[in-house]
Amino acid sequence: MKNTIFTGAAVALVTPFFEDGSVDYDSLARIIDDQIAHGTDALVIAGTTGEGSTLTEEEHMEVIRFSVEHTAKRVPVIAGTGSNDTACCIRLSKAAKEAGADALLLVTPYYNKTTQRGLIAHYTLVADTVDLPIILYNVPSRTGMGIALDTIDTLANHKNIVAIKEASGNISFSAQVIERCGDRIDVYSGNDDQTVPMMAIGAKGVISALSNVIPQETHDMAQAMLDGDLKKAAALHTKYLNLMNDLFIEVNPIPVKEAMNLMGMNVGPCRLPLYEMAENTRAKLLAELQKQGLAK
């Protein structure tokens, strides 16, 4: 059995920007403190929701370093260091280790993609080179490729590959991973609307976009599942299901940042090519936030 990085709810944290596109480190510190104060079990820095793909390498490394330093071991910090270039992935991962990150989140290579044999080679080289726990990230809707069950089974034998963020949207596939790999790999839901059903079949928690907006409630929902309180978890899931869906009404993290700004958190815009919300989708998101008492 491998060590579990966290159980419960990890936030896939946004990266706050000023209007000129530069990183707003004061706001980053503030939202890290707010997340920890409201029960978040771990922080994922510079992942998809953190717009890691539009950070320069220097910014990427500095955002991770700053987040690790500011968090000061209060909760685990998981650095999003995945890339479609294995050499770049290794550079970022080495920098994350040097900065003191507790683990890595590695998305599958995107655009150029690869074969399943290439995935094994890619992940194995990173895991051999950087001695940190690694969470595989399976999100074919964004990368154009998925990690096959046999590939996960093979990679689960590596001592440093300890978990997978499963965002394929296919709960049956997640169940197959849990059944096949057992305690060789932890499974986390990568979709907020599947947290409760995935934890019901053995997932250890969620890596959540929703936590940016309601960290305490997201933590409470996951914790209820860990405590065996399905009734409480299901009630929270049902209450916030429309919000979960509206946070993906446009490409993530556009609605997440818009929601945070509407709630007064002031995290700034996204970087192009992610663009401001359309009027109709923004109005729908605002109406749901108002319904939940989260915005005026």
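Refer to the structure presented above.
Source: prediction; values computed, not measured. Sequence positions are assigned chain by chain, starting from 1 and proceeding in written order. For a predicted model such as this one, the threshold for reporting local features is a pLDDT of at least 70, and the threshold for listing and counting side-chain atom pairs is 80 or more; totals across whole chains, interfaces and linings nevertheless cover every residue. Values reported for side chains reflect all heavy atoms of the structure, with hydrogen atoms and water molecules removed beforehand.

### Side note on the pattern of salt bridges
Proximity of charged atoms lets side chains of opposite charge pair with each other.
Here's step 1: We define a salt bridge as a side-chain nitrogen of Lys or Arg found within 4 Å of a carboxyl oxygen belonging to Asp or Glu. In total, this model carries 14 salt bridges according to the counting rule given.
Here's step 2: Here Asp-131 and Lys-159 are joined by a salt bridge, their closest N and O atoms 3.3 Å apart. Taken as a pair, Asp-131 in the loop between helix 4 (116-129) and strand 5 (134-138) and Lys-159 in the loop between helix 6 (149-155) and strand 6 (161-166) lie far apart in primary sequence, 28 residues in all.
Here's step 3: For every residue, the accessible area obtained with a 1.4 Å probe (protein chains only) is divided by the maximum for its type, and the residue is called buried under 20%, exposed over 50%, and partly exposed between those limits. Among the residues examined, Asp-131 registers a relative accessible area of 46% and is labelled partly exposed. The way it works is that DSSP assigns letters per residue, a run of H or I at least four long becomes a helix, a run of E at least two long becomes a strand, and they are numbered from the N terminus.

### Examining the pairing of strand 5
Here's step 1: Counting buried positions along strand 5 gives five out of five residues, so the element sits mostly inside the fold.
Here's step 2: Burial along strand 5 is two-sided: the residues Ile-134, Leu-136 and Asn-138 and Ile-135 and Tyr-137 are all buried.
Here's step 3: Two strands pair when backbone bridges link them, and strand 4 (residues 103-107) and strand 5 are joined in this way by four bridges, in the parallel orientation. Its bridge partner lying in strand 5, Leu-106 is registered against Leu-136. Being paired, for any two strands, means DSSP has found at least two bridges between them.

### A few points about the layout of surface pockets
Here's step 1: Roughly 560 Å³ of volume is contained in the largest pocket.
Here's step 2: Method remark: on a 1 Å grid restricted to protein atoms, a set of points is classed as a cavity if a 1.4 Å probe fits but cannot get out and as a pocket if it is open with protein on both sides within 12 Å along at least five of seven lines; lining residues have an atom within 4 Å of a point. Forming the walls of the largest pocket are 29 residues, and the residues nearest its centre are Thr-48, Gly-52, Ser-53, Thr-54 and Tyr-110.
Here's step 3: Of all elements in the fold, only helix 2 (57-71), helix 3 (86-99), strand 4 and helix 5 (140-143) reach the threshold of two or more residues within the lining of the largest pocket.
Here's step 4: Under the grouping applied here, Gly and all other residues not named as nonpolar or charged are polar, the nonpolar ones being Ala, Val, Leu, Ile, Met, Phe, Trp, Tyr, Cys and Pro and the charged ones Asp, Glu, Lys and Arg. Across the lining of the largest pocket, the residue classes break down as 13 nonpolar, 12 polar and four charged.
Here's step 5: Grid points are joined across faces, edges and corners, and a volume is the space filled by probe spheres set on the points. For the second largest pocket, the calculated volume is near 370 Å³.

### Overview of the packing of helix 1 (residues 25-37) against helix 2
Here's step 1: Angles run from 0 to 180 degrees between N-to-C directions of axes, and those axes are lines fitted to C-alpha atoms, restricted for helices to the stretch in contact. Running from amino to carboxyl end, helix 1 crosses helix 2 at an angle of 45°, the nearest separation of the two axes being 10 Å. As far as their axial angle goes, helix 2 and helix 1 are oblique. The chirality of how helix 1 crosses helix 2 is right-handed. Each of Tyr-25, Leu-28, Ala-29, Ile-32, Asp-33 and Ile-36 in helix 1 lies in contact with helix 2, whose residues at this interface are Glu-59, Glu-62, Val-63, Phe-66, Ser-67, His-70 and Thr-71.
Here's step 2: Here the residues of the contact of helix 1 with helix 2 are counted per class, giving seven nonpolar, three polar and three charged. Here roughly perpendicular refers to angles of 65 to 115 degrees, roughly parallel to angles under 35, roughly antiparallel to angles over 145, and oblique to all remaining angles. In this scheme, a crossing is called left-handed if the near helix is turned counterclockwise away from the far one by less than a right angle; it is called right-handed if the turn is clockwise. Note on definitions: a residue-residue contact is assigned when non-hydrogen atoms from the two residues lie within 4.5 Å.

### Some points on the sheet that holds strand 6
Here's step 1: The eight strands are arranged 1-2-3-4-5-6-7-8 in a closed barrel whose pairing can be described as parallel. Recorded for the sheet is a direction-independent mean angle of 25° between the axes of neighbouring strands.
Here's step 2: Packed on one face of the sheet, helix 2 meets strand 2 (42-45) and strand 3 (77-80) and runs near 175° to strand 3.

### Examining the nonpolar core
Here's step 1: For the purposes of this section, nonpolar cores are sets of buried Ala, Val, Leu, Ile, Met, Phe, Trp, Tyr and Cys residues that join through side-chain atoms within 4.5 Å. If you look at the biggest cluster of nonpolar residues, it comprises 80 residues, and the most contacted ones within it are Leu-136, Val-177, Ile-185 and Leu-243.
Here's step 2: Top element by residues in this core is helix 1. It accounts for five residues.
Here's step 3: Excluding its chain neighbours within four sequence positions, the residues that come into contact with Leu-136 are Leu-105, Leu-106, Tyr-123, Ile-147, Leu-155, Ile-161, Ala-163, Ile-164, Lys-165 and Ile-185.
Here's step 4: Counting 18 residues, the second largest nonpolar core, distinct from the first, contains Tyr-137, Val-139, Ala-163 and Ala-167.

### A word on the packing of aromatic side chains
Here's step 1: Each pair of aromatic rings taken from Phe, Tyr and Trp, with Trp reduced to its six-membered ring, is defined by centres within 6.5 Å and is described as stacked if the planes are under 30 degrees apart, edge-to-face if over 60, and tilted in the remaining cases. In total, this model carries two aromatic pairs according to the counting rule given.
Here's step 2: Here the aromatic rings of Phe-6 and Tyr-188 are separated by 4.2 Å at their centres, their planes lie at 5°, and the arrangement is stacked. Of this pair, Phe-6 sits in the segment before strand 1 (8-12) while Tyr-188 sits in strand 7 (residues 186-189); the two residues are 182 residues apart in sequence, bridging distant segments of the chain.
Here's step 3: Residue classification places Tyr-188 among the buried positions, given a relative accessible area of 0%.

### Concerning helix 3
Here's step 1: In this model helix 3 runs 20 Å from its N-terminal to its C-terminal C-alpha over 14 residues, within 8% of the 20 Å that 1.5 Å per residue would give.
Here's step 2: For helix 3, the full list of buried residues reads Cys-88, Cys-89, Ile-90, Leu-92, Ser-93, Ala-95 and Ala-96.
Here's step 3: Buried residues along helix 3 sit against helix 2, strand 3, strand 4 and helix 4.
Here's step 4: Identification of polar contacts relies on pairs of N or O atoms within 3.5 Å, with a donor-acceptor requirement for protein atoms, meaning one able to donate a hydrogen and the other able to accept it, and with residues adjacent in sequence counted only if both atoms are side-chain atoms. With a side-chain oxygen lying 3.2 Å from the backbone nitrogen of Ala-87, the N-terminal cap of helix 3 falls on Asp-85. Working rule for helices: expected span equals 1.5 Å times residues minus one.

### Structural notes on helix 12 (residues 254-262)
Here's step 1: Taking burial as the measure, the nine residues of helix 12 include seven buried ones, the bulk of the element.
Here's step 2: Residues of helix 12 that are buried include every one of Ile-254, Pro-255, Val-256, Lys-257, Glu-258, Ala-259 and Met-260, and no others.
Here's step 3: Next to the buried residues of helix 12 lie helix 1, helix 11 (241-246) and helix 13 (279-291).
Here's step 4: Just past helix 12, the residue Gly-264 takes up positive phi, approximately 90°.

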